[in-house]
Amino acid sequence: MQKTTLYGKMVAEEVEILVDELSIRRRVKELADEISRDYEDLKPLIVAVLRGSFVFVADLIRELEVDAKVDFITLENYEAGCNARGQTRVMADSTSHLSGEHVIVVEDIVDSGLTLHYLYKDFLAREPKSIEIVALLSKASSRRADVRVKYVGFEIPDRFVFGYGLDLQGKYRGLPFVACLKDDREA
Ligand code: 5GP
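Now for a quick tour of the structure. Note that residues are indexed from 1 along each chain, following the sequence as it is written. In view of the model being predicted, local features appear only for residues whose pLDDT reaches at least 70, and side-chain atom pairs are presented and counted only at 80 or more, with totals across whole chains, interfaces and linings using the full set of residues. With hydrogens and water set aside, each side-chain value is computed from the structure's full complement of heavy atoms.

If a single non-hydrogen atom of a residue is within 4 Å of a molecule or strand, that residue counts as near it. As a structural note, the neighbourhood of the ligand is formed by 18 residues, with Ser112, Gly113, Thr115, Lys139 and Val161 the closest of them. In protein, a polar contact means a hydrogen-donor-capable atom and an acceptor-capable atom, both N or O and within 3.5 Å, with residues adjacent in sequence counting only if both atoms are side-chain atoms; elsewhere, any N or O pair within 3.5 Å suffices. Interatomic distance of 2.5 Å between a side-chain N/O atom of Ser112 and an oxygen atom of the ligand. The backbone of Asp167 places a nitrogen or oxygen atom 2.9 Å from a nitrogen atom of the ligand. Strands are runs of DSSP state E lasting at least two residues, helices are runs of H or I lasting at least four, and both sets are numbered from the N terminus onward. Elements that contribute at least two residues to the shell around the ligand include exactly strand 5 (102-110) and helix 4 (114-124). The element contributing the most residues to the shell around the ligand is strand 5, with 4 residues.

This is the structure in structure tokens:
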């Protein structure tokens, strides 16, 4: 199978796995259990930030034991393949009815925190009952904006990562683990 061969070769030669598949599966279940306890009778509205969170949110909601509605927002905030720095732009938003909802924002990764800071302020203005954030990955060392992420999957070093929904120049979103390039340190 071409896909396996390509990824297999890449893993052996160029790629460092930062979070493996089993660890992701276990942690996603733990996060879902925690959220299920916290939102037991609340019917939360999950808003997944596209594109990077689509794999994470799909796994997360299947582990939840509460009935949750799911919505999506598409943001654009960095040049593909470069470090995440710059302006945030809303590309598509189907989340107009946040008023009175218990909103859980699902993000793939918090880097500078600027994206979530922007989104949080925007969402707050729409008068939800509550807002919390869940992020699969966090690079705490590169934080520039003050955001409170209640549920964090993994703290990772300040490296550019891909896999499990995150891309490297538009590719590798389908990898079941989170990885980075071995020689990205000067990037
Ligand atoms: P922040 O605004 O927190 O700096 O960046 C958040 C967004 O930047 C994430 O939702 C993600 O789209 C992108 N991003 C940040 N770090 C990485 C990374 O290491 N890899 C990838 N693929 N995207 C990243």
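From this point, the discussion proceeds with the structure in view.
What follows covers the packing of helix 2 (residues 21-38) against helix 3 (residues 54-63). Note on geometry: axes are lines fitted to C-alpha atoms, helical ones only across the stretch in contact, with angles between N-to-C directions running from 0 to 180 degrees. Taken N-terminus to C-terminus, the directions of helix 2 and helix 3 make an angle of 55 degrees; their axes are 8 Å apart at the nearest point. Put simply, helix 2 runs oblique to helix 3. Of the two possible hands of crossing, helix 2 and helix 3 adopt the one that is right-handed. In this structure, helix 2 contributes Val28, Lys29, Leu31, Ala32, Ile35 and Ser36 to the contact, and helix 3 contributes Phe56, Asp59, Leu60 and Glu63. Nonpolar residues are Ala, Val, Leu, Ile, Met, Phe, Trp, Tyr, Cys and Pro. Charged residues are Asp, Glu, Lys and Arg, and all others, Gly as well, are polar. A breakdown of the residues in the contact of helix 2 with helix 3 according to their chemical character gives 6 nonpolar, 1 polar and 3 charged. Orientation categories follow fixed angle ranges, with anything under 35 degrees roughly parallel, anything over 145 roughly antiparallel, 65 to 115 roughly perpendicular, and all other angles oblique. Here is the rule for handedness: rotate from the far helix to the near one, and if that takes an anticlockwise turn smaller than a right angle the crossing is left-handed, while a clockwise turn gives right-handed. What makes two residues a contact is simply this: any of their non-hydrogen atoms within 4.5 Å.

Time to look at the pairing of strand 9 (residues 178-181). Walk down a regular strand and you will see the side chains alternate between the two sheet faces. Where strand 1 (residues 15-19) meets strand 9, 4 bridges bridge the pair, whose relative direction is antiparallel. By the bridge assignment, Ile17 is partnered in strand 9 with Ala179. At least two bridges found by DSSP between two strands are what make those strands a pair. Note that strand 8 (residues 161-162) and strand 9 share 2 bridges and pair antiparallel. Pairing of Phe162 across the sheet is with Ala179, part of strand 9.

Right, let's get into the side chain of Glu107. Within the element layout of this structure, Glu107 appears in strand 5. Accessible area is worked out with a 1.4 Å probe on protein chains only. A residue is then buried under 20% of its type maximum, exposed over 50%, and partly exposed in between. His is not counted, nor are the chain ends, whereas Lys and Arg count as positive and Asp and Glu as negative. Salt bridge, as used here: a side-chain nitrogen of Lys or Arg that lies within 4 Å of a carboxyl oxygen of Asp or Glu. For Glu107, which is buried and forms no salt bridge, the nearest opposite charge comes from Arg173, at a distance of 9.6 Å. Beyond its immediate chain neighbours, meaning those up to four positions away, Glu107 contacts Val49, Ser53, Phe56, Thr115, Leu116, Val134, Ala135 and Leu136.

Attention shifts here to the nonpolar core. In terms of nonpolar packing, the biggest core is built from 28 residues, with Phe56, Leu60, Val134 and Leu137 touching the most fellow members. What Leu60 contacts, discounting residues up to four positions off in sequence, is Val28, Leu31, Ala32, Ile35, Val106 and Val134. Throughout, nonpolar core names a set of buried Ala, Val, Leu, Ile, Met, Phe, Trp, Tyr and Cys residues whose side chains join them through atoms within 4.5 Å. Core analysis: the next-biggest nonpolar cluster, separate from the first, contains 17 residues, Val49, Leu98, Ile131 and Val147 among them.

To continue, consider the environment of Glu63. Note on placement: Glu63 falls in helix 3. For the pair Glu63 and Asp33, spaced 30 residues apart in sequence, the C-alpha separation works out to 7.5 Å.

Time to look at the pattern of salt bridges. The full count for this structure, using the stated rule, is 13 salt bridges. As a salt-bridge pair, Lys29 and Asp33 come within 2.9 Å of each other at their nearest N and O atoms. Highlighted residues: Lys29 and Asp33, both in helix 2, separated by 4 residues, approximately one helical turn. Look at Lys29 and you get partly exposed, because its relative accessible area is 32%. A single salt-bridge network, built from bridges that share partners, covers Glu16, Arg159 and Asp184.

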